Amino acid sequence: MSLFGSTSGFGTGGTSMFGSTTADNHNPMKDIEVTSPPDDSISCLAFSPPTLPGNFLIAGSWANDVRCWEVQDNGQTIPKAQQMHTGPVLDGCWSDDGSKVFTASCDKTAKMWDLNSNQAIQIAQHDAPVKTIHWIKAPNYSCVMTGSWDKTLKFWDTRSPTPMMTLQLPERCYCADVVHPMAAVATAERGLIVYQLENQPSEFRRIESPLKHQHRCVAIFKDKVNKPTGFALGSIEGRVAIHYINPPNPAKDNFTFKCHRSNGTNTSAPQDIYAVNGIAFHPVHGTLATVGSDGRFSFWDKDARTKLKTSEQLDQPISACCFNHNGNIFAYASSYDWSKGHEFYNPQKKNYIFLRNAAEELKPRNKK
Amino acid sequence: MLMVTQAGDFPRLLPGARMPAQIRLPARRKGRRKARRCRELRGTAAALLLRLSPCGGRRQRPFWRLRGWAVAKGLRGTSGGGGGWGTTSQRYTNVIQPSAFKSNTWGGSRDHGRGFFGSSGSSPRNADFSQNRFSALMNSQNIADGYKDEEERLLESVVKDMEIWKSSGQWIFSCYSPTKEKPNISGFHDISPEELRLEYFNCRANNTVQNYVNSVQQLVKQWKNRLVQLKSSNASTKAALLSELKNTVSQPLPSFGFGGQQTSSFGSSNFPVNSSSNSASNFSFKISSSLVSASSGNTPAFGSSSAGCNPAFGVTSSPSVSHSVGFGSLVAPSAGSFSLKASETTNGFGTSAFSGFGSSAAVNTSSTTPLTNVGASNVAVAASPSHSSSTVFGQTASASGHNITSASSAVTSNATSGKLFTPMSELSAEELKQFEAKKFTMGKIPLKPPPLELLQI
């Protein structure tokens, strides 16, 4: 609660908070703005793991860069370093010890960025843009998993130019998540595959998509004993499916819910339906946050099957989100996600990353 | 006569048998009468039957009906200015915002609105059950009609979905399937916003933005055409759609796949690329001409632009064969991959009252693996299409739609209408387990009559 101090002192060192500008709706939630945000749309956000003291945030963007900030307890964000790719960065993640950042880019490579030396080297190669990158830390091995639009999932020992393993995907990889020992990959054409990562990665199950339209984002959740037990899958059609891998009663336990739709009141006027751009689970409470093209974020309790909160509407879509390791900070990025095509793309429009105190708002509805 | 030997035993209500007078339920009664009937029945054997039926009486309500929640109010805070949460949301925060539409306006048939995505998980079948629980048991005619209804519902839901898609402003370059067990409907293919955006960036770098714009317009037009086609009640479209949905032959993806890797300057030699792009010279937005009703001039138009706009999507466009294999493996359990739910290729839903099947056994074609372990949970399975081996299913309208349990064993019929017992060989392992168990498990009650061998008289 005292993470960001009192309401007054959000020194953001640089750009000041827009307290009460005229018609500016870029920060209706009055959250902390991260300084020196990227110059183009933000594609991914990731906080440092608990092994690193403090909180560090990385963001990849369509300006071909990945930036790193230190987020201090009083809310101040200090830009630390930046690395470039030769194409837009689509995904990024941290190693488990917090010393390296892995980035995946449209330039068909993935890089490993050593933060101490501020050097980045290429560690992966695909035939098409690399859409997802995750660090896998298993008891008997560690590697980087990259998913690409070339329909492969590759696993890399960072020291070798050849992958340790290549798994074929039915279609282009659109999103993935890893919580050891489970990995979930959603592909184009409604493909959905779960992998198990013990000993070595292998395909565990192909799952029929619970959604009718294109998959957009996926996030694995854990059960009460901290084991991954299922995932949440979001689509472009304003809907999220909660899917358990081995539920006692699949018909009842798995469900979908609608989100990120305009106020379709009870009139017969059609709703506006927006894509779900990101899903993140609170590391402590197990509740989830979704961000959408409508420029809102929502918090949900999947066990109570209720919505906890919905934000005000930002003037841009929210393209990415994440929680920090202890769940105190919720970061979300406000930038154009191409949901309306190139006509609505304004390169001059500023992109933002906002930080919000998430300790209280994501408490589950029913205390068990 | 209705006999119940033990609590929980499946009462021997055999097709053609008459129900005892006090529980003779007229078909298709709704409303209070039914409720009253239900109350009367409580405690009787038939009530037991009711409770055992897959929809479990009326207890499972879709989650958006919890706590009397009826209508979505705007959750946006109307109390403008403050950066906090709208106060009106407080009242409704205990329920996930439900669909704003009543089920009859959203998603076609009533079951779609309530059954498909609801937590009850019950499929479109649920509605059928609620109308006439005993239809499956009593009357084969009803079943045939039930199939027709299923088809109708599917078509309706497709039409509704198309309408919504058009009006909602959602992303249009997306695949689509009417229900989760069905394959994707042809004519819609996935392009993610990132892929499109990358294409734009590349074109911008090469100064060929106009190409991009034209390509996108083409794609939009094709999407609209397909949408209109599906919305129309054209008989041939419907037939094509239905056959598509039943056959799990996955549509070969058009050689559309975003360019290939013609100038992959990234040392891709290391990597076994199994499907190197044949269509390297084709620009990424080429759509297979089979899908384009109007314009067939796609290919040449885009072929020329490949020089300019270097398609950097880089998705290797595999030849359609490999695509369908890859895609098919999602849909059909082929050797080595298995899906959680019963896939569409399961067929031969044995229900007791089937008649008129061709006498050929083994409807399962080679690609089907009877998913015995999965069947249990599949009360929710909607119409699982029958395989295209029409020799067996030719007589009945469509074998799909009545897949209560995803029994994948073939049904060989006697010439007589209605069977009293199912041969052991025809039961799936799941059904067998159910019959052999002491009690039926909710949601897993087989619809076939029990095998003679297991009856203990």
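Since we're looking at a predicted model, the values are computed, not measured.

The rules behind the values
- Once a new chain begins, its residue numbering starts again from 1 and follows that chain's sequence as written.
- Naming scheme: in the order in which they are written, chains are lettered from A and ligands are numbered from 1.
- The model is predicted, so local features are restricted to residues of pLDDT at least 70 and side-chain atom pairs to those at 80 or more, both for listing and for counting; the totals for chains, interfaces and linings are taken over all residues.
- With hydrogens and water excluded, all non-hydrogen atoms of the structure serve as input to the side-chain values.
- We count a stretch as a helix when DSSP gives it H or I for four or more residues in a row; a strand needs E for two or more, and each element gets its number in order from the N terminus.
- As used here, the term nonpolar core means buried Ala, Val, Leu, Ile, Met, Phe, Trp, Tyr and Cys residues forming a set that is joined through side-chain atoms within 4.5 Å.
- Burial classes: relative accessible area under 20% of the type maximum marks a residue as buried, over 50% as exposed, and values in between as partly exposed (1.4 Å probe, protein chains only).
- In this document the domain limits rely on a domain assignment from an automatic tool or a database.
- Contacts are assigned to residue pairs with any non-hydrogen atoms lying within 4.5 Å of each other.
- UniProt positions are given in the numbering used here, feature names are shortened, and annotations may be inferred rather than shown by experiment.
- Identification of polar contacts relies on pairs of N or O atoms within 3.5 Å, with a donor-acceptor requirement for protein atoms, meaning one able to donate a hydrogen and the other able to accept it, and with residues adjacent in sequence counted only if both atoms are side-chain atoms.
- The pairing criterion is simple: DSSP has to find at least two bridges between the two strands.
- Axis angles are defined between N-to-C directions and span 0 to 180 degrees, where every axis is a line fitted to C-alpha atoms and, for a helix, only to the segment in contact.
- Note on scores: pLDDT gives the predictor's confidence for each residue, bounded by 0 and 100.

A.B. asks: Lay out unusual backbone geometry in plain terms, naming residues and giving numbers.
C.D. replies: All names here are of chain A. The omega angle of the peptide bond from H180 to P181 is 0°, so this bond is cis rather than trans. Following the sequence through the fold, P181 ends up in the loop between strand 14 (173-179) and strand 15 (182-187). One non-glycine residue, E189, lies in the positive phi region at around 55°. Within the secondary structure layout, E189 lies in the loop between strand 15 and strand 16 (191-196). Backbone geometry at W338 places phi at a positive 75°, although glycine is not the residue there. On the secondary structure map, W338 appears in the loop between strand 27 (329-334) and strand 28 (352-357).

A.B. asks: Requested: an account of the nonpolar core, with residues and values cited.
C.D. replies: One finds W338(A) and F188(B) to be the most contacted residues of the largest nonpolar core, which totals 39 residues. Put simply, the parts of the chain that give this core at least two residues each are helix 7 (140-168), helix 8 (193-206), helix 9 (209-231) and helix 10 (235-246) of chain B. Built from parts of two domains, this core gets at least three residues from each of domain 1 (40-167) and domain 2 (176-316 + 348-367) of chain A. Leave out the neighbours within four places in its chain, and W338(A) touches Y345(A), W171(B), P193(B), L196(B), R197(B), Y200(B), F201(B) and Y212(B). Counting residues in hydrophobic clusters, the runner-up holds 18 residues, among them A138(A), F155(A), L167(A) and C173(A).

A.B. asks: Quick rundown of the UniProt feature "repeat: WD" (unreviewed entry) in chain A? Include the residues and the values.
C.D. replies: Here, the residues flagged by UniProt with the feature "repeat: WD" (unreviewed entry) are residues 82-123, 123-166 and 276-310 of chain A. The span residues 276-310 of chain A is 0% helical and 60% strand by assignment, and the distance between its end C-alpha atoms comes to 14 Å.

A.B. asks: Give me the lowdown on the side chain of K131(A), citing residues and values where you can.
C.D. replies: Of note, K131(A) is situated in strand 10 (residues 130-137). Engagement of the side chain of K131(A) in a polar contact is seen with the backbone oxygen of Y174(A), the distance being 3.2 Å. Other than its neighbours up to four places away in sequence, K131(A) contacts L90(A), D91(A), G147(A), S148(A), W149(A), C173(A), Y174(A) and E194(B).

A.B. asks: Which residues make up the sheet that holds strand 21 (residues 255-258) of chain A, and what values go with them?
C.D. replies: Residues and elements named next belong to chain A. Strands sit in the order 18-19-20-21 across an open sheet of four strands; the sheet is antiparallel. The open sheet has two edge strands with one neighbour each: strand 18 (215-222) and strand 21. Here the strands of the sheet are splayed against their neighbours by 20° on average, with no regard to which way each runs. Here strand 20 (residues 239-244) runs beside strand 21; their pairing, made up of four bridges, is antiparallel. Bridge pairing in strand 21 links R239 to K258.

A.B. asks: Lay out the confidence of the model for chain A in plain terms, naming residues and giving numbers.
C.D. replies: A residue-level look at chain A finds 92% of positions with pLDDT of 70 or above and a mean pLDDT of 91. Segment residues 1-21 of chain A is flagged for pLDDT under 50; beyond a separation of four residues in sequence, or across chains, it makes 42 contacts in the model.

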